[in-house]
Structures are given as C-alpha cells and as structure tokens.
Amino acid sequence: MSKSKTVFIGNNKSFWDRNRRSEGYLLKRQMKKTAGSVIRALLLIGLCFMIIQPMLMRFSVGFMVEKDLYDTTIVLVPREVTLENYQHVFNMTDFPNSMLNTLWISLLVSVLQVVSCTIVAYGFARYEFPLKKLWFACVIMLIVVPPTTIQTSLYMNFANFDLFGIVRLFNGGKPINLRTSILPYLLMSITCMGLKNGLYIFMLRQYFAGVPKSLEEAAYIDGCGTVHTFTKIMLPDAMPTIASCFLFGFVWQWTDLFYSRNFLQAKYSVYSIQLSSITSRMGRYFSQDASKAVVVPVGRQQQLISIGVLICCIPLIILYCFTQKTFVKSLTMTGSKE
Amino acid sequence: MNDRHWYDKILDAFRIYIPGNDVYRTMRARSARTGTCFIIPFIIGFLLFMAKPMVESFIMSFNDVKLIPGEGYSQTYVGLDNYNTALRVDPEFNTYLVEEVGQMAVNTIATLVVSFVVAVILNQEFKGRTLARAIFFLPVILSSGVLPGIEHQNEFYDMMAGLAQSLEESGGVDLSASLQELLQVSGVGAGVFDVIFTMIDSIYDIVMASGIQIIVFLSGLQAISPSLYEAADVEGCSGWESFWKITFPMVSPLLLVNCIYTIIDFFMKNDNRVMELIYQVTYQDMKFGVSSAMSWIYFGIALAFIGISSFIITRAVKSYE
C-alpha cells in the first residue's frame, strides 16, 4: 500500500471491508468480544436465577391455599390467590409491634456503631501514639474472636452488672441486672463492640489511610482545628464508605439472633427472634384449644416460614435500593483516589 | 547511662500523657494525645466487653460454675474436667466439630474463587449491571443472622429432604451423579472428584456465603487505576495477561481479608451445629463451664485455621510483589 493511497478506516466502510483491511484482526476481535459477553451473560443469568429463584418461590407459595401446596400440577402460579397466610404470619410474629421494635433498635444500634467506628478508625489511620500496634491487633482480634467464646461471661457480666465495684457502692451493695434492658447493648455499640464492628473499623481505616495527607495539612494551615478537620474535611468524603458500613450494620442487626437472644429477648419482641421460633409456636396457634398443640403439616410450616423470611427481606431490599446510589459511588470513589 | 532500666523506654513513650516535662508540649505529643482520644471508646469497650469476658470465660473453662440467684456465680476449680467432658463425654460435640471444620476447609476455597470471579464479572461494563449488583447483594441479607437454616430447622423437613433424595437415587437421571460415575471410571483420583462434586452440589450455599466477599473484591477492583490497563494495552498486553499481571496482584491483599472473613463467617453462622450445641449447653443445660470449654476449643481451631491460611496467603501474595 503506497503512501498516497492511504485510506482512513472510517465508519462509512462496511464491517467486512474494514475487516479485510485489518487482515482479519477486526473479525477475530469482534468474535472474541461477543463470545466473552455471551459467556458472561450465561454465567450471570445462571447465578442470578439461582439467587432469585428461591425468593420467587417463596413469593408465589405465600399466596397458595393449603390444598394447592400438595397439588403437583401447580408449580408457580397458585390456583386461588389468598392473603390468609400473611394474616397468620402477622399474628404469629406479633407483626407491627416486632417489626417496629426491630426497626428502631436496628437504626439506633447501627448509627451508634458506625459513628463510634468512624471516630476510632480515623484515630487509627491518622495519628501516631504509644501502643498503637497493640490496639490495632486488638481490632483484628475483635474480628477474629467469635462472640460465642465470650457469651457465657457476657451473660454473667450483665446479669450482675458492676463497673469495678462502683455500682455496688450506690446500689446498696448489690449489682444490678442489666440483662433485661437494652442498655448493655447500646453501651457495647458505643464502644465498638457490637456485631462485626472490628470489620467496620478495618474498612474505614483502610479508607482514611488512603486519603492524601496534604488535604488535612491544608486545612490545618487554614486554621482548622482537629475536630473541624475531621467533621468538615474528612467526613463528607468518607460518607459513601460510612454509608456502606451503616448498611451492613443495619442488615446484620436486623437479622441478628445472637445479641438479640442475649440482650433483647426478655423485653422487646424482635422480629428475628419471633421468626426463629415460629415453627415451635405454630402448633399452638392453629389449635382451637389453647392448651393443646396440633401437628402442622410440613408443607404448611414451610409455607409460613417462607412468608416470614420474605417479610424479613423486603424492608432490607428497599433500603438497599435507596442506599445503592451512595454505595456504588463509594466503590467508584475509592477508584478516583490516588 | 547504666542506671536505665528496661522499662524506661516504655515510660518515655508515656511521658507524652503526663504534663510537666519537655516532651509533653511538642507537636508529636499533642497529636499522640489527640489520637488516643479518638480511639478511647474502643479501648474502654475492648477492656470491658472483650478482654474481661475473655479472661473470665477462660477461667470458667477450668472451673465448675454454678449460678447463685441474686449473687452472681460460684466457681470451683476442676482442672481440665470441662475439656474432658466436651471432647470425650459429650456425644455430639466431637462429631459436629469434625464435620463442620472439614466442610469449612472446602467451602472457604470455593467461596474465595466464586466471589473473585463474580466480582471480576460485575466490575465489567454491561447492560443491567446495577440490577445484577442489586441481586448479588441479596446473599448478604439471606446469609445473615436468623435467615440461613431457618427453613431447615425442623426434623420433618430433614425427613422430607431424605425422602426426596432417596427418590432421586432410585429413579430418573441424576446428571451430576452420572457424570461423577463417568469421570471416576476414567481413572482419575476419586477423592479429588468427590470434593469437586460436593462443591458443585453446594454451589447455592457457596454463592450465599460470598455476598460480602464479592463487595470487598469489587471495591478492590474499582480501586485499580484504569491508566494501568491502558499502559498495558499500549505495550501489547492481552486481556489474559493483564488479568494475571495487574488485576490479580492488585487485588491479592484483599484475598487475606476475605479468607479470614470467610473462615470466621463460617464459624459463627447460626446454622452451624457447633454453635447451636454451645448455645444449648449454655442456656438450657446451664453448664457454663462446659460451654466455655467448648467455645475455647472451637475458637482455638478457628485461630489455627486463620493462622495457617494467612501464612500461606501472605507467602503467595509476597511472591507477586
């Protein structure tokens, strides 16, 4: 091809023409690309279907009457749509009440946890102080130690709460029982000892450590104090990461059984506990006579549990849809940082 | 300077907290004090709600603990009796422990692989990416707290599942089973295939367990600057090469985080039978000493696993750097 006859491979040429000029490279590349996206689509659709299918199943099963459950000709679409099952589940799980309790407890706890974790993470990321390595090892330990290991002792601690003998002084020589109040759990949340809080500290510290130091230095030079630098300069940028931590905290608190069983069970009816014991209460609920329990068929049990799970998930999915924008932004924002 | 003691260095470090010396007023000391203020909630919480209970529970595991209403509890030292009870007397603890740990080893590897692949796919540009990401958030919800295992909790269901399985075995074509036979006939190590087939059979569980890991990997992938790929492309790197030379090394530090997280997650799940047993021993049988011993054994095994895997992974990751 001589220089004077050079033709730019433009958009006005047909694909095959361009392909011929590139000596088959274009076709090869295009095929590779298509094959790649087909494989990707297959994989994704398969996995997504696997995740969604049980949810769809739960959804459709929830509307069936009991007779339809055993009818093998009915797979997904119920013959008669009924809302009666939902009514039963609502009654059994103490519905509006337990849901509201779960809502405010989750909200309060996760906000407290995220606030304290953010502060601690900032301290770890930005300051040098004695024993820093030791304390950070403690954060790792917090992630690693399963709460089961300390649950016996926590139980004892809060059943007979006594802060180094101080409480005993004011309460006539007797420790107080905190197990029936939400206070111990709030205390734990404020001091970053809640559910998986080590993970949040770790995540947030990673984020803060990645922010260029010059940003803060500029703020200091302009006369910003420590607190102002933290709240005005660092926090707004960290919002997406904080939001994702909040989301995790909320979700985990919402479905949590461990701390709820240990601290909240006695006083608050929480949805996760209601749901976990729904099978055992079913027999009594369906019997006419309050003192005797009937045996509820397995299919029926499964149906009601499915509805319970669905009710548990729906608010979380809605929350995710709302926070997703900040959430995704957090992921892309870490990309824009150096 | 011979009269300096070994603890003088520590004292020196702490002089920044004590007013009235030359170090106290330096900038370094000031920022150290501010830093300490920031992490004080954590220190208090850790000492009160983590260190203290841990020490107590460790002591409890060597004692016979009895509740005294209104007063607290009494302890009598029994040596290793509780550990003996947990390991040799309790009929279920041993079996459950071995089963769960074995399953965990397989599942951890599978989870890491699956979550990495999914994260790489979700990181690409394609139509409906937002929807796909939303769907892959569902496992985070579905694998947390009360939800896993809730549908398998009752014995009837187990019975039904057993029934369904035996039906499956007796008639009809079970694709994975026949494939399994075919491959085993071909003479390749049967043990390896057994592991792989259990993985394939439990793919749902694995995807469910990898919700957070996908998100962590995804955030790592997004942190890779696109200019790296551009440079590689200009230099004539193929996609496959740039995956192994750029993507993998850049994300591999997260491998450790995810690995540890997966192990812990598996150990703390509610449908984990060891956890259920410990809970039952604590609150129904009220054997606090035995339950402490059990959870310490359990924790010890978890720690050993984390130690081994982080050793292997840090070695593997180092070779990339």
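Residues numbered from 1 in each chain as written. Chains lettered and ligands numbered in written order. Predicted model: local features only at pLDDT ≥ 70, side-chain atom pairs only at ≥ 80, totals over all residues. Heavy atoms only, no water.

Visitor: Would you mind going over the overall build of chain B with me for this structure?
Guide: When its secondary structure is counted, chain B shows 15 helices and 2 strands. The burial tally for chain B puts 44% of its 321 residues in the buried class. Approximately 17,600 Å² of chain B is accessible, and the part contributed by carbon and sulfur atoms is 64%. (Helix = DSSP H or I, 4+ residues; strand = E, 2+ residues; numbered from the N terminus. Buried < 20%, exposed > 50% of the residue type's maximum accessible area, 1.4 Å probe, protein only. Areas by Shrake-Rupley, 256 points an atom, 1.4 Å probe, with all protein chains shown as cover.)

Visitor: What am I meant to see in the overall build of chain A here?
Guide: For chain A, the count of helices and strands is 16 helices and 0 strands. Buried positions account for 51% of the 338 residues belonging to chain A. Contacts in chain A between residues at least 24 apart in sequence constitute 66% of all its contacts with a sequence separation of at least 6. For chain A, the exposed surface amounts to about 17,000 Å²; the carbon and sulfur share of it is 66%. (Contact = heavy atoms within 4.5 Å.)

Visitor: Just checking my understanding: could you explain the packing of aromatic side chains for this structure?
Guide: Each pair of aromatic rings is reported with the distance of its centres and the angle of its planes. The full count for this structure, using the stated rule, is 32 aromatic pairs over all chains. The interplanar angle of 10° and the centroid separation of 3.9 Å between the aromatic rings of Y320(A) and F137(B) together place this pair among those described as stacked. In this pair, Y320(A) sits in helix α16 (residues 298-336) while F137(B) sits in the loop between α5 (129-135) and α6 (138-142), so the two residues belong to two different chains. Taken as a pair, Y320(A) and F137(B) share a single burial class, namely buried. A connected cluster of aromatic rings, assembled from ring pairs, spans Y122(A), Y127(A), Y207(A), F208(A), F230(A) and F38(B). Above the ring of W252(A), the side-chain terminus of K196(A) is found at 4.0 Å from the ring centroid. Sitting over the face of the ring of F136(A), R205(A) holds its NZ or CZ atom 4.7 Å from the ring centroid. (Phe/Tyr/Trp six-rings, centres within 6.5 Å; stacked < 30°, edge-to-face > 60°. Lys NZ or Arg CZ within 6 Å of the ring centre and 35° of its normal.)

Visitor: Help me understand the interface of chain B and chain A in this model?
Guide: Accessible area lost on assembly of the parts is the figure often given for the size of an interface. Each partner contributes residues to the interface: chain B has 91 residues there, and chain A has 89 residues. With both sides pooled, the region where chain B packs onto chain A buries about 8,200 Å², and carbon together with sulfur makes up 77% of that total. At the junction of chain B and chain A, the tally comes to 1 salt bridge. Salt-bridge contacts for K196(A) lead to D265(B); the nearest nitrogen and oxygen are separated by 3.5 Å. Along the contact surface separating chain B from chain A lie 3 residue pairs in polar contact (both at pLDDT 80 or more). Examining the composition of the side of chain B that touches chain A, we find that 23 residues originate from one element, helix α2 (residues 27-60) of chain B, more than from any other. Residues belonging to the side of chain B that touches chain A are distributed by class as follows: 64 nonpolar, 20 polar and 7 charged. (Buried area = accessible area lost by both parts, 1.4 Å probe. Salt bridge = Lys/Arg side-chain N within 4 Å of Asp/Glu carboxyl O. Polar contact = N/O pair within 3.5 Å; in protein donor to acceptor, adjacent residues only side chain to side chain. Nonpolar A, V, L, I, M, F, W, Y, C, P; charged D, E, K, R; others polar.)

Visitor: Looking at this structure, how should I read helix α4 (residues 84-92) of chain A?
Guide: Three- or four-residue spacings in an α-helix give side chains the same orientation, since the helix completes a turn every 3.6 residues. Residues and elements named next belong to chain A. Listing the buried residues of α4 in full gives N85, Y86, H88, V89 and M92. Looking straight down α4, one finds its buried side chains confined to an arc of 160°; they lie on one side. Of the residues trailing α4, D94 is marked for its positive phi of about 60°. (Arc of directions from axis to C-beta.)

Visitor: Would you take a moment to explain the side chain of T247(B) for this structure?
Guide: Residue and element names in this part refer to chain B. Inspection of the secondary structure assignment puts T247 in helix α13 (residues 239-268). Side chain to side chain, T247 and Y229 meet in a polar contact 2.7 Å long. Setting aside residues up to four positions removed in sequence, T247 forms contacts with L221, I224, Y229 and S242.

Visitor: Honestly, a nonpolar patch on the surface in this entry has me stumped. Any pointers?
Guide: Residues L131(A), L134(A), W6(B), Y7(B), I10(B), L11(B) and F14(B) make up a contiguous nonpolar surface patch of about 730 Å² in total accessible area. When residues of the nonpolar patch are assigned to their parent elements, the largest contribution, 3 residues, is made by helix α1 (residues 8-14) of chain B. Position of L11(B) among the secondary structure elements: in helix α1. (Patch = residues over 30% accessible without salt bridge, like charges linked within 9 Å, V, L, I, M, F, W, Y side chains within 5 Å.)

Visitor: Quick question: what am I supposed to make of the layout of surface pockets here?
Guide: Rolled over the atoms, a probe sized like a water molecule indicates the empty space that remains. Here the second largest pocket is characterised by a volume of approximately 1,900 Å³. Q124(B), S238(B), G239(B), W240(B) and S242(B) are, among the 38 residues lining the second largest pocket, the residues nearest its centre. Of all the elements in the fold, those that place two or more residues in the lining of the second largest pocket are α2 (25-62) and α16 of chain A together with α4 (93-123), α11 (211-222), α12 (226-234) and α13 of chain B. With 10 residues, α2(A) is the largest single contributor of residues to the lining of the second largest pocket. (1 Å grid on protein atoms, 1.4 Å probe; cavity = no way out; pocket = protein on both sides within 12 Å on 5 of 7 lines; lining within 4 Å. Points joined across faces, edges and corners; volume = space filled by probe spheres on them.)

Visitor: I would appreciate a short explanation of the nonpolar core in the present structure.
Guide: Buried together is how nonpolar side chains tend to be arranged in soluble globular proteins. In this structure, F124(A), F208(A) and F42(B) are the most contacted members of the largest nonpolar core, which totals 163 residues. Ignoring any residue separated from it by four or fewer positions in sequence, one finds F42(B) in contact with V120(A), F124(A), W135(A), C138(A), V139(A), L142(A), T191(A), C192(A), M193(A) and I201(A). Judged by nonpolar contacts, the second largest core, of 7 residues, contains Y155(A), V65(B), Y279(B) and Y283(B). (Core = buried A, V, L, I, M, F, W, Y, C linked by side-chain atoms within 4.5 Å.)

Visitor: Is there a simple way to think about the pattern of salt bridges in this case?
Guide: Charged atoms that come close allow side chains of opposite charge to pair. What the rule picks out here adds up to 6 salt bridges over all chains. With its nearest N and O atoms 3.4 Å apart, the salt bridge here joins E128(A) to K132(A). Put simply, E125(B) and R129(B) hold a salt bridge, and the shortest N to O gap is 3.9 Å. Its relative accessible area of 65% is what places E125(B) among the exposed residues.

Visitor: What's the story with the confidence of the model for chain B in this structure? I'm lost.
Guide: Any segment with low pLDDT has predicted coordinates that should not be analysed in fine detail. All names here are of chain B. Overall, the predicted model of chain B reaches an average pLDDT of 77, with 79% of residues at or above 70. Predicted confidence in chain B is weakest over helix α7 (residues 155-170), with a mean pLDDT of 49, and strongest over α12, with 88. A low-confidence stretch, residues 153-157 stays under pLDDT 50, and its non-local contacts, those more than four residues away or across chains, total 12 contacts. Throughout residues 167-172 the model reports pLDDT below 50, and contacts reaching past four residues in sequence, or to other chains, amount to 1 contact. Taken together, the chains of this predicted complex give a pTM of 0.78 and an interface ipTM of 0.76. (pLDDT = per-residue confidence, 0-100.)

Visitor: What is the right way to look at unusual backbone geometry in this model?
Guide: The phi angle of most residues is negative, glycine excepted, and most peptide bonds adopt the trans form. All names here are of chain A. One non-glycine residue, L131, lies in positive phi territory at about 65°. Here L131 lies in the loop between α5 (95-126) and α6 (132-144). The residue C192 is not glycine, and still its phi comes out positive at about 60°. On the accessibility criterion, C192 (0% relative accessible area) is buried.

Visitor: I keep staring at the state of the cysteines and nothing clicks. Help me out?
Guide: Put plainly, two cysteines are in a disulfide when a covalent bond ties their sulfur atoms together. Counting across every chain of the model gives 0 disulfides over all chains. Looking at the unpaired C224(A), the closest cysteine sulfur is the one in C37(B), lying at 18 Å. Given the relative accessible area of 24%, C224(A) is considered partly exposed. (Disulfide = S-S within 2.5 Å.)

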